[in-house]
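Residues per chain, in single letters:
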Amino acid sequence: MNNEMMKPGVIVRDISSEYDGPTFDVLFINNAGVCRYSNDVFDTEQEAALLAERCTEALVDSEAWDYYQHSEGYSDDWKIAKRIERKAA
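Residues numbered from 1 in each chain as written. Predicted model: local features only at pLDDT ≥ 70, side-chain atom pairs only at ≥ 80, totals over all residues. Heavy atoms only, no water.

Details of the pairing of strand β1 (residues 9–14)
Working step 1: Of all 6 residues that make up β1, 6 are buried, and the element is covered over most of its length.
Working step 2: Across the two faces of β1 the burial is the same, with Gly9, Ile11 and Arg13 and Val10, Val12 and Asp14 all buried.
Working step 3: The pairing of β1 with strand β5 (residues 79–84) spans 5 bridges and is antiparallel. Bridge pairing in β5 links valine 10 to isoleucine 84. (Buried < 20%, exposed > 50% of the residue type's maximum accessible area, 1.4 Å probe, protein only. Helix = DSSP H or I, 4+ residues; strand = E, 2+ residues; numbered from the N terminus. Pairing = 2+ DSSP bridges.)

In structure tokens:
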């Protein structure tokens with residue numbers, strides 16, 4: 001995992017390698033570098049992107065997304081499908 005991947009923004013994450021078919025979720029990284037992942041998973045990148053496009057810190061908090069922590073081996077099985085830069089508040 002590199003710093004570029006974890007800069008503030010929203011990521012549609014391809015986690016298909018952990019499932020039997022195409023599977024995506026959303027990562028939200030706030031300005032302090034805290035990363036959380038969506039409760040829902042999606043069958044297509046487009047479905048995940050719909051959530052990613054409207055993702056805000058308030059939404060993440062209200063849905064109680066879990067915190068993401070990188071761990072060697074397990075966390076290396078995904079890739080960025082799409083990155084959405086967060087606009088300044």
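Here the narrative resumes, following the displayed structure.
A short note on the sheet that holds β5
Working step 1: Overall, antiparallel pairing links the 5 strands, which are arranged β4-β3-β2-β1-β5 in an open sheet. Since the sheet does not close on itself, it has two edges, and those belong to β4 (66–67) and β5, each with one partner.
Working step 2: Of the strand pairs in this sheet, strand β2 (residues 24–29) and strand β3 (residues 35–37) are connected by 3 bridges, and their pairing is antiparallel. Bridge pairing in β3 places isoleucine 29 opposite cysteine 35.

With respect to the environment of glutamate 18
Working step 1: Mapping glutamate 18 onto the fold places it in the loop between β1 and β2.
Working step 2: Using a relative accessible area of 31% as the deciding quantity, one classes glutamate 18 as partly exposed.
Working step 3: Taking the C-alpha atoms as reference points, glutamate 18 and tryptophan 78, separated by 60 residues in sequence, lie 8.3 Å from one another.

Concerning the pattern of salt bridges
Working step 1: This structure, assessed with the given rule, holds 3 salt bridges.
Working step 2: With a shortest N-O distance of 3.4 Å, lysine 82 and glutamate 53 are connected by a salt bridge. With lysine 82 in strand β5 and glutamate 53 in helix α1 (residues 45–53), the pair connects residues that are 29 residues apart, well separated along the chain.
Working step 3: Residue class for lysine 82 comes out partly exposed when judged on its relative accessible area of 30%. (Salt bridge = Lys/Arg side-chain N within 4 Å of Asp/Glu carboxyl O.)

Structural notes on unusual backbone geometry
Working step 1: Positive phi values are uncommon outside glycine, yet alanine 64 reaches one of about 50°.
Working step 2: On the secondary structure map, alanine 64 appears in the loop between α2 (57–62) and β4.
Working step 3: On the basis of relative accessible area, alanine 64 is assigned to the partly exposed category, the value being 47%.

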